[in-house]
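Spelled out, the chains give:
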Amino acid sequence: MNAHLMQPTGSAYFLAPETQTVERHTLSVLVDNEPGILARIVGLFAARGFNIDSLTVSETEHEKGLSRITVVTMATPKVLLQIKLQLERLIPVHKVHDLTAEGRALERELALIKVGGTGEQRAETLRLADAFRAQIVDATVESFVFEVTGKPSKIDSFIALMVPLGLIEVVRTGLAAISRGPEGM
Amino acid sequence: MPQQMTGAEMVIQALADQGVTDIFGYPGGAVLPIYDAMFQQEQVRHVLVRHEQGASHMAEGYARSTGRVGVMLVTSGPGATNVITGLADALMDSVPVVCITGQVPTTLIGSDAFQEGDTVGLTRSCTKHNYLVKSIADLPRILHEAFYIANSGRPGPVLVDIPKDIQFAVGTYYRPDEIETTRHRSYHPQLEGDTRLIEAAVDMMLKAERPIFYTGGGVVNAGPQASAHLRELAELTGFPVTSTLMGLGSMPGSSPQWLGMVGMHGSYESNMAMHDCDLMINIGARFDDRITGRIDKFSPGSRKIHVDIDPSSINKNVIIDLPIIGDCGHVLKEMVRIWRSKTNQPRTEALAPWWAQIDAWRSKHSFGFKQSSTIIKPQHAIRRLYEGSKSRDVYITTEVGQHQMWAAQHFPFEMPNRWMTSGGFGTMGYGLPAAIGVQVAHPDALVIDIAGEGSVQMTMQEISTAVQYELPVKIFILNNERLGMIRQWQDLLHGGRYAHSYAESLPDFVKLAEAYGAHGIRCDDPAKLDDAIAEMIDVKKPVLFDCLVERDENCLPMIPSGKPHNEMILPDFTDDIGSVIDAKGREMV
């Protein structure tokens, strides 16, 4: 191999080393419920190299045609500010709130969890489901489907407990979050 | 009274109601109803281009030289993909353009129909906003909203994709004043700056000892009155002014307070002043990497004020002490008013040491070059072009590369909107079509594209458009028979290994001009240059001027990548340029 190819070649850009630490933040984004809006949001994250840990979207105010998007992202404080400002630049975006920065937001997730098993295992599965207030939404002689809601960490714990008891598959909605107190967005 | 008409007629009527007189486009199957509606009216003129990319840069040139929205009209599929470069260019440089694309009928969308493309999907990331019109009832609102969004706030490109069945459908048309697009549900750009923040800025300015105005394209975009306020503020304060590539012309090139362009190929004095200042007042610029150089050593001792209409520009690359969100024109006007209310004297004495320092930097003559009596130096060619054209009403466009930087260095501008160049996106092939767009907007002006022989071949076909519409644009090609900036970087960073940076075969530009029905001139003799330039200006035709220049001239001064402002390479640099960035430096960049 040519020796010069082993050398780092020059760049047209200066890349500053990152000094800030990454934080997980939950953003609430109020948008017009119009075709392509989700693509705009997701495309912005992809194009600018922002990270999406979780994303939930649904229409929340039908008569006004508004949807609420909850997005969980991991970024440095500088990038978090950019994410918020870049989202606000999108024309159909009404408001962006950083619920984590504003503090004390309620965060909930729903999961449907399918667990197999027979005999003694089933009794243990049901005891744990009860402790986690998981609802049985489907049952056969060799399986259950549980519905669990709560903080993501609670769902993580429940899933972890189900693994040795015969976890088959999991589906999660992603995070929905809202601020506490009387103020709306 | 709202009128009944077809979607195609609505498009033309909306253009007319928005004050559009000229559009640039190319017909195709999915856009034919609009062409048919255009054929039957006389309010809107149409320039037929040779490739849709040409239409996009013409619309940009039109917009940037007038401050009005430039409009392009193209068909679905390849028509739309061909304008993408121009849309991305307009987004980067904040140019207000509206692009209308035809689309296959709504019933065929998603069926992989002939010339179907996902135009809104393809252009989502290179437009400020885009629309797919799904109902004739939405069309008038969307058309007017497109113009409003394109030309308000931070300007940018807006695309409206109109399926063919919507063009044929009949609906109710509403004029802009019947629709109130300016009361948009979610889009409300902040124009007025916060007065308390502007007062705080003026207080900082009153105490500064080493201030500098760092201005950008935002001042030009804010309209000619913003430039007038900038000049007034500069005069009141006595502060030095520099600008980015995009901001040239907002401060007169002849002003003693003008330091020349800042950045990678900016003047030594502007870069040193940016580095050593104690107060940087950024008006409508965005701390682009070509300006800041090495970001962790950028202007280490200064406090920074940043005026920008786009909140996302603040604190994006550089941490700001005092951000002011607002239109540059509004904020500059307020700064003038508040400054006047606090003092009526420029702080000449307090600033004297700073100006003495700046004068010392100026004495380096960083735009200097070695003159030759046998070979035309590219910098000399631009200076002679300036001398030969300065008495005219002149507009300059450029392509991208060394010639562009030399033009920015050696062609001074007295007014805004006279300099059209692809800054952020760096689009080779921009200048020729942009010049045509400028000439359409200013039929009697002298419009010159300062070009390189590489860039100009990317959109050369548009010379045919200039000939057809008798638009006497002057294409001044600094022909060094290589991709000069690439060659310079290969010398700087890649050991002089010239991978594909020169053309093995170039066209005979004089014969090419003749083949197109334009006028061709060739000059390789410094002694004959002035006469050749005079001939170019006098000919009432599009001209291709093949100016053969020094082949291996480096574009200097230069801040090499990874270096701070105070480590520029100056033109008197005599060592091998490849030795500037050492192995350690390469690891850093």
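Owing to the predicted nature of the structure, the values given are computational and were not obtained by experimental measurement.

Q: Please clarify how the overall build of chain B should be interpreted in this entry.
A: The helix and strand inventory of chain B stands at 23 helices and 20 strands. Dimensions of chain B, computed from the C-alpha atoms along their principal axes, are close to 70 × 60 × 50 Å. Taken across its 589 residues, chain B has 57% of its residues classed as buried. Long-range contacts, defined as pairs at least 24 residues apart, comprise 78% of the intrachain contacts of chain B with a sequence gap of at least 6.

Q: What am I meant to see in the overall build of chain A here?
A: Secondary structure assignment for chain A yields 6 helices and 9 strands. With respect to the principal axes defined by its C-alpha atoms, chain A has extents near 65 × 60 × 30 Å. The 185 residues of chain A split such that 23% are buried. In chain A, of all internal contacts separated by at least 6 residues, the share reaching a separation of at least 24 is 74%.

Q: Quick question: what am I supposed to make of helix H3 (residues 77–89) of chain A here?
A: Because each turn of an α-helix spans 3.6 residues, side chains separated by three or four positions end up pointing in the same direction. Residue and element names in this part refer to chain A. An ideal rise of 1.5 Å per residue puts 18 Å on 13 residues; H3 measures up with 19 Å between its terminal C-alpha atoms. Turning to H3, its buried residues number three or more, namely Val79, Leu80, Ile83, Gln86 and Leu87. End-on, the buried residues of H3 take up no more than an arc of 130°, which puts them together on one face. Buried residues in H3 make contact with strand S1 (23–32), helix H2 (37–47), strand S3 (66–75) and strand S4 (93–98).

Q: Explain unusual backbone geometry here, please?
A: In most cases, non-glycine residues show a negative phi, while peptide bonds are predominantly trans. All names here are of chain B. Following Leu556, the chain continues into Pro557 via a peptide bond in cis, with omega recorded as 0°. Position of Pro557 among the secondary structure elements: in the loop between strand S20 (543–548) and helix H23 (583–588). At Phe287, a position not held by glycine, the phi torsion is positive, near 50°. Of note, Phe287 is situated in the loop between strand S12 (279–283) and helix H13 (289–292). Even without being glycine, Glu470 reaches a positive phi, approximately 50°.

Q: What exactly am I supposed to notice about helix H2 (residues 32–39) of chain B here?
A: Residues and elements named next belong to chain B. Taken together, the buried positions of H2 are occupied by Pro33, Ile34, Ala37 and Met38. Down the axis of H2, the buried set is contained in an arc of 145°. They therefore lie on one face. Where H2 is buried, its residues contact strand S1 (3–6), helix H1 (7–17), strand S3 (45–48), strand S4 (70–74), strand S5 (97–103) and helix H8 (164–168).

Q: What's the story with the pairing of strand S6 (residues 135–140) of chain A in this structure? I'm lost.
A: In regular strands, side chains alternate between the two faces of the sheet. All names here are of chain A. The buried fraction of S6 amounts to 0 of the 6 residues, a small share that puts the element mostly on the outside. In this structure, S6 lies alongside strand S7 (residues 143–150), joined through 5 bridges in antiparallel fashion. Residue pairing for S7: Gln135 is matched across the bridge by Glu147. Hairpin geometry of S6 and S7 is characterised by an intervening segment of 2 residues between the two adjacent antiparallel strands.

Q: So what exactly am I meant to see when it comes to the sheet that holds S4(A) here?
A: The strands that make up a sheet pair up through hydrogen bonds in the backbone, lying either parallel or antiparallel. All names here are of chain A. On the basis of which strands lie adjacent, the open sheet formed by 4 strands has the order S2-S3-S1-S4 and antiparallel pairing. Edge positions in the sheet fall to strand S2 (54–61) and S4, since each of these pairs with one other strand and no more. The sheet shows a mean angle of 20° between the axes of neighbouring strands, direction not considered. Strand direction decides the pairing type here: S1 and S4, joined by 5 bridges, are antiparallel.

Each value, and the rule that gives it
Residues numbered from 1 in each chain as written. Chains lettered and ligands numbered in written order. Predicted model: local features only at pLDDT ≥ 70, side-chain atom pairs only at ≥ 80, totals over all residues. Helix = DSSP H or I, 4+ residues; strand = E, 2+ residues; numbered from the N terminus. Buried ≥ 20, exposed ≤ 12 C-beta atoms within 10 Å, placed from the backbone. Contact = placed C-beta atoms within 7 Å. Expected span 1.5 Å × (residues − 1). Arc of directions from axis to C-beta. Pairing = 2+ DSSP bridges. Axes fitted to C-alpha atoms, helices over the stretch in contact; angles between N-to-C directions.

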